[in-house]
Amino acid sequence: MEDLGSGVWPPEPIRTGRLVLREPEGRDRAAFVELLASPEVHTYLGGPRPRDELERELSGVPERWPGSFVVDLDGSMIGQILLRRATGHRRPAAAGKADLGYLFLPRAWGFGYAAEACAAALGWFAGALPGEPVVLTTQSANVASMRLAAKLGFTEVERFEAWGAEQWLGMWSPVTASR
């Protein structure tokens, strides 16, 4: 994966009705550790990383790179949105396109925050890189992620086997989404 390019980053914080999408800050470190160590968050992502390893490896200020947004609710990080160029994607339909990823702390699940934050990130992306499609890959067994992809307007491109499970690849186009 590669970043989206420095020409479009960093944007001003993106505000929605309830959330702020912004760059990572030092105050987010504990939430990043919690997010990356959570067995619930990583059920469909190959499992969590050991908390002690994360505590040693994560710097005081989480890494900032184009396309990485902290999702902030009332001044606290509840998740992360990732938009990166899928240069090494295994599927030809996704190679070179922007890839949307998201992780939210379990306490933030079920309130529509992921849909709100991802829609805002896609809106920013459509303005920053007009006309470019975005891909999303998730395990087809991840029902919540499949619902979110449909709600955001991703359409199925293909299903394939990888990492011991069926994967779903969808695509979002700003042209299609605006209709």
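Residues numbered from 1 in each chain as written. Predicted model: local features only at pLDDT ≥ 70, side-chain atom pairs only at ≥ 80, totals over all residues. Heavy atoms only, no water.

## Comments concerning the pairing of strand E4 (residues 76–85)
Where burial is concerned, most of E4 is hidden: seven out of the 10 residues are buried. Relative to E4, strand E3 (residues 68–73) runs antiparallel, the two sharing six bridges. Of the residues in E4, the one forming a bridge with serine 68 is leucine 82. Adjacent in sequence and paired antiparallel, E3 and E4 are bridged by two residues, among which aspartate 74 carries a positive phi angle near 55 degrees. Taken together, the seven bridges between E4 and strand E5 (residues 98–104) define a ladder with antiparallel strand orientation. In the strand pairing of E5, leucine 83 is matched with leucine 100. (Buried < 20%, exposed > 50% of the residue type's maximum accessible area, 1.4 Å probe, protein only. Helix = DSSP H or I, 4+ residues; strand = E, 2+ residues; numbered from the N terminus. Pairing = 2+ DSSP bridges.)

## Comments concerning the sheet that holds E3
Taken in spatial order, the eight strands of this open sheet run E1-E2-E3-E4-E5-E6-E8-E7, and their pairing is mixed. If you trace the sheet from one side to the other, it starts and ends with strand E1 (14–15) and strand E7 (155–162), each paired once. Strands in contact with helix H4 (residues 143–152) are E5, strand E6 (134–139), E7 and strand E8 (165–172); relative to E6, the strand with the most contacts, it is inclined by about 160 degrees. (Contact = heavy atoms within 4.5 Å. Axes fitted to C-alpha atoms, helices over the stretch in contact; angles between N-to-C directions.)

## What to know about the nonpolar core
Phe69, Ile81, Leu100, Val134 and Phe154 are the most contacted members of the largest nonpolar core, which has 34 residues in total. Counting only elements with at least two residues in this core, the list comes to E3, E4, E5, helix H3 (113–128), E6, H4 and E8. The element best represented in this core is H3, accounting for nine residues. Once you skip the residues sitting within four places of it in the chain, leucine 100 turns out to touch Ile81, Leu82, Leu83, Cys118, Leu122, Val134, Val135, Leu136, Leu152 and Phe154. Core analysis: the next-biggest nonpolar cluster, separate from the first, contains 12 residues, Leu35, Val70, Met77 and Leu105 among them. (Core = buried A, V, L, I, M, F, W, Y, C linked by side-chain atoms within 4.5 Å.)

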